[in-house]
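Letter by letter, the chains look like this.
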Amino acid sequence: MAKDDNLPLFETKLAKGRILFQFYSLLIFVGTCFIFAYRLSHIPAIGEPGRWAWIGLFCSELWFCFYWFVTTVVRWNPIYRNTFKDRLSHRYEKALPGIDIFVCTADPVIEPPVMVINTILSVMAYDYPPEKLNVYLSDDGASEFTFYAMLEASRFSKIWLPFCKKFKVEPRSPEAYFRIAVEPLGEPVMAKEWSTVKMLYEDMKNRIESITKLGRISKEISKEHKGFDEWILVASPRDHQTILQILIDGRDSEAVDIQGQPLPTLVYLAREKRPQYHHHFKAGAMNAMMEMPGYDGNGGSCYIGTGCFHRRETLSGQKYSKNFKADWKRLSNRSVKESTIVLEEKCKVLASSSYEENSQWGKEMGLKYDCAVEDLLTGLSIQCRGWKSIYFNPERKGFLGVAPITLLQSLVQHKRWSEGDFHIFASRNCPFVLGYKKIPLKLQLSYCIYLLWAPNCLTTLYYVIVPSLCLLRGISLFPHISSSWVLAFVFVIFLHRTYSLGEFIRFGGTFKGWWNDQRMWLYKRTTSYFFGLLDYILKRLGFSKSAFVITTKVADDDVSQRYEQEVMEFGTSSPMFTILATLALLNAFCFLGALKRVIANVEILFWERFALQILLCGLLVLINLPVYQGLFFRKDVASLPTSVTFKSTMFALLACAITLH
């Protein structure tokens, strides 16, 4: 037994294929050097057409090389960690620390209450001692419908948790489980219980959806819990008192499931909001309540918003000390004597709108404020205080989330992220400043993958626009097809994309999935990152203010159906769609112009001089096929509006006309 106590609780392994990646990177580096040698030795003379276009293209390629170097640093030495749960259970079963799990929501329409409570029920069903598990919902929308759903979930948990344990349910979200699970007809006892629990869940779901659709809480329902009285004083979601309700008090001996086992603590919180106080969006909500292989190999993974566990000390501003030792017994203590009602009233002050005023919350303590990506900045600050982070991705996923299924929502989300990331890079919180002599240089570089998303738009837009317009004008920017220099370009492009495809398929993807990924890579860089950079500049100049845009978590049935059929969703007029359509049409016009000259054989050497430019322009046309379909061929509600078609056509034709004259 004593020998077992000395065995490690986890092991660290180097990733497979590391040597192959390093050899591949070396080949890319050598090929890139030849490309740069060509650029420097073939710069057009002063006054020669295309000189500045050539220099601009060279600068873009320098940026691409730098960004490739940063990503290579991150991926140079990836590591993976495997845990030994049996050893952990044997050694610390009786002394595991208390865990607080925070779930955030902000809008009952965009984030429906049924979806919220499915998240709540899944974390309540964790394979962890329930008496040491506390689940908090932060409702920034202060919705009585969300509260009602939480009340229903607190009751259903008494049935759901023992059901999960008894039948080893996976996944533990009721909605996800019953959508994919098959009724066990071969086992009568289990089948009966399975059907009963599913029926109870469907009944609860229907009640919640009906009341939400109705738009009001009836008097009969409001009598079910004292918490509904709080909404008498709520003026609006942006102007209300603190609402804090302990729905399940884990200290209470009567807080048990149908089998007599203790339940986790469950708390609903809507922090106070007043017009005169900045509520700091999600970061403020998180403070009121208080995942990567390459990063791990470089000194620590970064915190990207969800699916993370923190020590309480890291969020309280405490610096790491070699002598630090967490007192799990003290942190897990539930021997508070106050009643639930008294405890609720005492804790309300912590969620008041003025509690943080003139304090270190949002600065040295808790999640950082004044940044659209408070998660990344908070994680960086924690690492700079000496704490180490690790990346753990078990086979059985600890967290499952939802992502936008429409193009516009995805682009808007990445716009907010890229703007916030660049805000960090251009401030005193830049890893090279904040992390100087505090975290490894390779970890400082690693952060740049995210922080430099926004400026990536400039070089990408240049590469998408200028070579195509020069092709239309008859200006060559790449080596002739008969030149030996062309081998360097072909080698780097072919090797880079082939390795990318092979890696994508190795990790379970498909060719179609990889191709769609290339398309989204281009769309994000030419729209999301561009508007992210523009937003940052406008804010620095004082022309706009920070705003938190909530990503829609649900979609209509027809939208979901088009998503399942892999049909791109447009359906609305947006500056992002105007840019996408303009770029698509610009490249189509330039490609058709080039094809006309090749087919008509106006210039015998045209193909030899412009082969790479024609191929690049043709590739962009191929990537943009869904845009052309949305502009001219689709007639459904998800096609591009006529206004976008008109504006983008005019802009593309104007650019071509200016180029030709």
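Residues numbered from 1 in each chain as written. Predicted model: local features only at pLDDT ≥ 70, side-chain atom pairs only at ≥ 80, totals over all residues. Heavy atoms only, no water.

Asker: Any chance you could explain a nonpolar patch on the surface here in plain terms?
Answerer: A contiguous nonpolar surface patch, about 500 Å² in accessible area, is contributed by Phe23, Leu26, Phe29, Val30 and Phe34. Assignment of secondary structure puts Val30 in helix 2 (residues 18-41). (Patch = residues over 30% accessible without salt bridge, like charges linked within 9 Å, V, L, I, M, F, W, Y side chains within 5 Å. Areas by Shrake-Rupley, 256 points an atom, 1.4 Å probe, with all protein chains shown as cover. Salt bridge = Lys/Arg side-chain N within 4 Å of Asp/Glu carboxyl O. Helix = DSSP H or I, 4+ residues; strand = E, 2+ residues; numbered from the N terminus.)

Asker: Could you clarify how one ought to interpret the sheet that holds strand 4 (residues 133-139) in this entry?
Answerer: One open sheet accounts for four strands, arranged 3-4-6-5; its pairing is mixed. For this open sheet the edge positions go to strand 3 (99-105) and strand 5 (243-248), each flanked by a neighbour on one side alone. When the angles between neighbouring strand axes are averaged without regard to direction, this sheet yields 20°. For strand 3 and strand 4, the ladder comprises seven bridges, and the chain directions are parallel. The residue bridging Thr105 from the neighbouring strand is Asp139, located in strand 4. (Pairing = 2+ DSSP bridges. Axes fitted to C-alpha atoms, helices over the stretch in contact; angles between N-to-C directions.)

Asker: I would appreciate a short explanation of the confidence of the model for the protein chain in the present structure.
Answerer: Close reading of the predicted structure is inappropriate where its pLDDT is low. Taken residue by residue, the protein chain gives an average pLDDT of 86. The fraction at 70 or more is 90%. Scored below 50 in pLDDT, residues 283-290 shows 37 contacts in the model against residues more than four places distant or in partner chains. (pLDDT = per-residue confidence, 0-100. Contact = heavy atoms within 4.5 Å.)

Asker: Which parts of the structure should I look at to understand unusual backbone geometry?
Answerer: Residues apart from glycine generally show negative phi values, whereas peptide bonds are mostly found in trans. The residue after Glu170, namely Pro171, is reached through a cis peptide bond having omega -10°. Tracing the backbone shows Pro171 in the loop between helix 6 (144-167) and helix 7 (174-180). Even without being a glycine, Ala142 presents a positive backbone phi close to 45°. Tracing the sequence through the fold places Ala142 in the loop between strand 4 and helix 6. Here Ala142 falls in the buried class, since its relative accessible area comes to 6%. Residue Lys437 is not a glycine yet carries a positive backbone phi of 65°. Mapping Lys437 onto the fold places it in the loop between helix 17 (431-434) and helix 18 (441-451). A relative accessible area of 72% means that Lys437 is categorised as exposed. (Buried < 20%, exposed > 50% of the residue type's maximum accessible area, 1.4 Å probe, protein only.)

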